Amino acid sequence: MAIKIMLDAGHFGKYNRSPVLSEYYESEVMWEFSVLLGERLRAFGFEVSYTRGKQEVDMAVYQRGLAAKGCDVFLSLHSNASDAHEVDRVEVYRSVGAPHAERLGKAIGDAVAACMGVPHGAVKAREGSERGVDYYGVLRGARDASVPYAFIVEHSFHTNPRAAAWLYGKKNLSTLASAEAKAIAEYFGSAIRGDINRDGSVDAVDYMMLKREILE
Ligand SMILES: [Zn+2]
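Note that the structure is a prediction, hence the values are computed from the model and not measured.

## Points about the overall build of the chain
Helix and strand counts for the chain come out as seven helices and five strands. Put simply, the chain runs from its N terminus to its C terminus through helices and strands in the order β-α-β-α-β-β-α-α-β-α-α-α. Relative to its length of 216 residues, the chain is compact, with a C-alpha radius of gyration of 17 Å against a globular reference of 17 Å. Counting only C-alpha atoms, the chain reaches 60 × 40 × 35 Å along its principal axes. Each of the 216 residues in the chain was classed as buried or not, and the buried ones make up 44%. Here the contacts in the chain between residues at least 6 apart in sequence split such that 72% fall between residues at least 24 apart.

## What to know about the pairing of strand E2 (residues 47-50)
With four bridges connecting them, strand E1 (residues 4-9) and E2 associate as parallel partners. When the bridges of E2 are listed, methionine 6 appears paired with serine 49. Between the parallel elements E1 and E2, the chain passes through helix H1 (residues 26-43) in a crossover that is right-handed.

## What about the sheet that holds E1?
The five strands are arranged E2-E1-E3-E5-E4 in an open sheet whose pairing can be described as mixed. In the strand order of this sheet, the two ends are held by E2 and strand E4 (91-94), each with one partner. The mean angle between the axes of side-by-side strands here comes to 25°, regardless of whether they run parallel or antiparallel. Bridge count for E4 against strand E5 (residues 149-157) is four bridges, and the pairing is antiparallel. The residue of E5 that forms the bridge with valine 92 is valine 153. On top of the sheet, H1 reaches E1, E2 and strand E3 (73-80); it is set at about 145° to E3, its chief contact.

## So, the pairing of E5
Counting buried positions over the nine residues of E5 gives nine, a clear majority of the element. Bridge analysis of E3 against E5 gives seven bridges, and the strand direction is parallel. Residue pairing across strands places valine 73 opposite tyrosine 149, the latter belonging to E5.

## Quick look at helix H7 (residues 204-215)
The α-helix winds at 3.6 residues per turn, so residues separated by three or four positions along the chain end up facing the same way. With 12 residues, H7 should reach 16 Å at 1.5 Å per residue; the first-to-last C-alpha distance of 16 Å fits that figure. Among the 12 residues that make up H7, zero are buried, leaving the element largely open to the surroundings.

## Side note on H1
With 18 residues, H1 ought to run about 26 Å at 1.5 Å a step, and its terminal C-alpha atoms sit 26 Å apart, in line with that. Those residues of H1 not exposed but buried are Glu26, Ser27, Glu28, Val29, Met30, Trp31, Phe33, Ser34, Leu37, Arg40 and Leu41. Contacts made by the buried residues of H1 are with E1, E2, E3, helix H5 (161-168) and helix H6 (170-188). Just past H1, the residue glycine 45 takes up positive phi, approximately 105°.

## What about the packing of helix H3 (residues 102-116) against H6?
Two numbers describe how H3 lies on H6: the axes approach to 9 Å, and their chain directions differ by 150°. Comparing the axis directions of H3 and H6 gives the class roughly antiparallel. In terms of crossing hand, the pair formed by H3 and H6 is right-handed. Contacts from Leu104, Ala107, Ile108, Ala111, Val112, Cys115 and Met116 in H3 reach Thr175, Leu176, Ala179, Glu180, Lys182, Ala183, Ile184 and Tyr187 in H6. Considered class by class, the residues forming the contact of H3 with H6 number 12 nonpolar, one polar and two charged.

## Concerning the nonpolar core
Formed by 56 residues in total, the largest nonpolar core has its most connected members in Ile5, Phe74, Val112 and Phe151. Here the element with the most residues in this core is H3; it accounts for seven residues. If we skip the residues at most four places from it in the chain, phenylalanine 151 touches Leu75, Ser76, Val92, Tyr93, Arg94, Gly105 and Ile108.

The rules behind each value
- Residues numbered from 1 in each chain as written.
- Predicted model: local features only at pLDDT ≥ 70, side-chain atom pairs only at ≥ 80, totals over all residues.
- Helix = DSSP H or I, 4+ residues; strand = E, 2+ residues; numbered from the N terminus.
- Rg over C-alpha atoms; globule rule 2.2 N^0.38 Å.
- Buried ≥ 20, exposed ≤ 12 C-beta atoms within 10 Å, placed from the backbone.
- Contact = placed C-beta atoms within 7 Å.
- Pairing = 2+ DSSP bridges.
- Right-handed = clockwise from strand over helix to strand, strands pointing away.
- Axes fitted to C-alpha atoms, helices over the stretch in contact; angles between N-to-C directions.
- Expected span 1.5 Å × (residues − 1).
- Parallel < 35°, antiparallel > 145°, perpendicular 65-115°, else oblique.
- Left-handed = near helix turned anticlockwise from the far one by under 90°.
- Nonpolar A, V, L, I, M, F, W, Y, C, P; charged D, E, K, R; others polar.
- Core = buried A, V, L, I, M, F, W, Y, C linked by C-beta atoms within 7 Å.

Written out as structure tokens, the structure is:
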């Protein structure tokens, strides 16, 4: 079976308008991006689904994470906002309970940053008021649904004039989708779950190799 990826366009309707580019709504641009990213991921062989079937439909954040039950990867897609309009960088958050997700988060963030021509630092994890519990509802939901790789990806800041204009360009958005999908495909090596020798199928050889690794 293919590795399952759940895509979550961060917001619905007309939400989070850019203060520096009036045509830009985070909800609309990230919805469009989620469709492009889904196409690219499917082309790599991943199974892709969406938390919301329609752009106009809202869904509570925790429920969206929870909807990823049975998926291997959950991506909540956003552009960020800051009062400091000069801020122009990529940010990736993982669940506080998933340090193993650091490497994939870093690969995604670095690929997005290289494509957009901005920096990306370390993958972040944000705790809420309760220790060990995620601050972000989508990540709480995905963790409760036992999704091994759950991220919030902030594709820089729509409060930055350069970043907003860049993301609003259709060609850029398409290039960005390709770069993000490629980073995920490269990380897993194969879109087939359990395909240890990466030959496109899961068979006795994969089982033999895994068994040897665990038992010997
Ligand atoms: Zn957002």
